[in-house]
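A closer look at the structure
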Number of protein chains: 2
Amino acid sequence: MGASKSESFSVEQNEMATLFKALSHPARIAIVDYLLTVDSCICGDIVNELPLAQPTISQHLKELKNANIIKGTIEGTAICYCINPDTIDKIENHFGMIRHKLKNKCC
Amino acid sequence: MGASKSESFSVEQNEMATLFKALSHPARIAIVDYLLTVDSCICGDIVNELPLAQPTISQHLKELKNANIIKGTIEGTAICYCINPDTIDKIENHFGMIRHKLKNKCC
DNA sequence: TTATTATATTGCAATATTACGATAAACAAA
DNA sequence: TTTGTTTATCGTAATATTGCAATATAATAA
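In what follows, the accompanying structure is described. Because the structure is a prediction, the values reported are computed rather than measured.

About the criteria used
Residues numbered from 1 in each chain as written. Chains lettered and ligands numbered in written order. Predicted model: local features only at pLDDT ≥ 70, side-chain atom pairs only at ≥ 80, totals over all residues. Heavy atoms only, no water. Helix = DSSP H or I, 4+ residues; strand = E, 2+ residues; numbered from the N terminus. Buried < 20%, exposed > 50% of the residue type's maximum accessible area, 1.4 Å probe, protein only. Contact = heavy atoms within 4.5 Å. Least-squares fit on C-alpha atoms with pLDDT ≥ 70 in both. Phe/Tyr/Trp six-rings, centres within 6.5 Å; stacked < 30°, edge-to-face > 60°.

A short note on the overall build of chain A
- The helix and strand tally for chain A stands at five helices and three strands.
- Counted from the first residue to the last, chain A has its helices and strands arranged as α-α-β-α-α-β-β-α.
- Expressed as lengths along the three principal axes of its C-alpha atoms, the size of chain A is roughly 50 × 40 × 25 Å.
- Expressed as a percentage of its 107 residues, the buried residues of chain A come to 45%.
- Long-range pairs, those at least 24 residues apart, make up 51% of the contacts in chain A between residues at least 6 apart in sequence.

Right, dumping it as structure tokens:
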């Protein structure tokens, strides 16, 4: 096959998998890292920071946007990107739940 | 292409991407969820819990093991699986770092 | 020994992802 | 208008992932 049987799993399981998939590529981790290295949102210049061609980065940015991990707003000629803290919260909460459930377990 | 240019990114960026990739499929999220629903480690019966064939689940378990998200120890005929709390820590720390850096930002 | 049970591996088809050149679209500046 | 700058999309080749039937392996039970 190749297609994942997403209809067999819960909405939340699919949601979390989608979030993690968006973070499952080193280029996208690097984009998030870069967005965190500066004190403000980044307008432009992401392309110059990574060793990938502009269409490739545009594609990775699109995936991060689709997963709501970053937000992009048009700022004149450039587009201003920043991390979406709500999505970070969502992921942190997921691991908080895991941590909580692990407390009652043998390992 | 299709192959990710992992050599262009840092070891830590690749490590985090590998962890997230292991969690990027709803079946693997469901396996982690299931391992958390019981008070002890699970020996056997994972196959009966998910709507996938045994070889498929075995493959997903292997990926979770390779990423150190779960540990498996042989327990007689069956294999006993449980979450690896060290890896959960690692991911939580990553988001702790993100959260910390976000504090100084505009969004 | 021969089942039986549980898990892993192999092989392969269907599908998805990654990367980038070429090109398009949007917009500001000249 | 034309030119330059920035980002997005298209098209496509290379590679990776997903799922499962068939089979193999490993350990226990009879």
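Okay, back to it.
What to know about the relation of the copies chain A and chain B
- With an RMSD of 0.0 Å, the fit of chain A onto chain B corresponds to turning through 180° and sliding 0.0 Å along the axis. The two molecules are tied by a two-fold rotation axis, judged by turn and shift. When each C-alpha of chain A is compared by its distance to the rotation axis, A:Phe20 comes out closest, at 2.5 Å.
- Of the interface residues in chain A, 100% have counterparts in chain B that sit at the interface too, so the contact is made through matching surfaces.

Looking at the packing of aromatic side chains
- Going through the model one piece at a time under the given rule, you end up with four aromatic pairs over all chains.
- Plain terms: the ring middles of A:Phe20 and B:Phe20 are 5.9 Å apart, the flat faces sit at 10° to each other, and that makes the pair stacked. Taken as a pair, A:Phe20 in helix 1 (residues 11-22) and B:Phe20 in helix 1 (residues 11-22) lie in two separate chains rather than in one.
- What makes A:Phe20 buried here is its relative accessible area of 0%.
- Ring centres of B:Phe20 and B:Phe95 lie 5.8 Å apart, and the angle between their planes is 65°; this geometry places the pair in the edge-to-face category. A residue pair is termed long-range when its members are at least 10 positions apart, and B:Phe20 in helix 1 and B:Phe95 in helix 5 (residues 85-102) qualify at 75 residues. Judged on exposure class, the residue B:Phe20 and its partner B:Phe95 are both buried.

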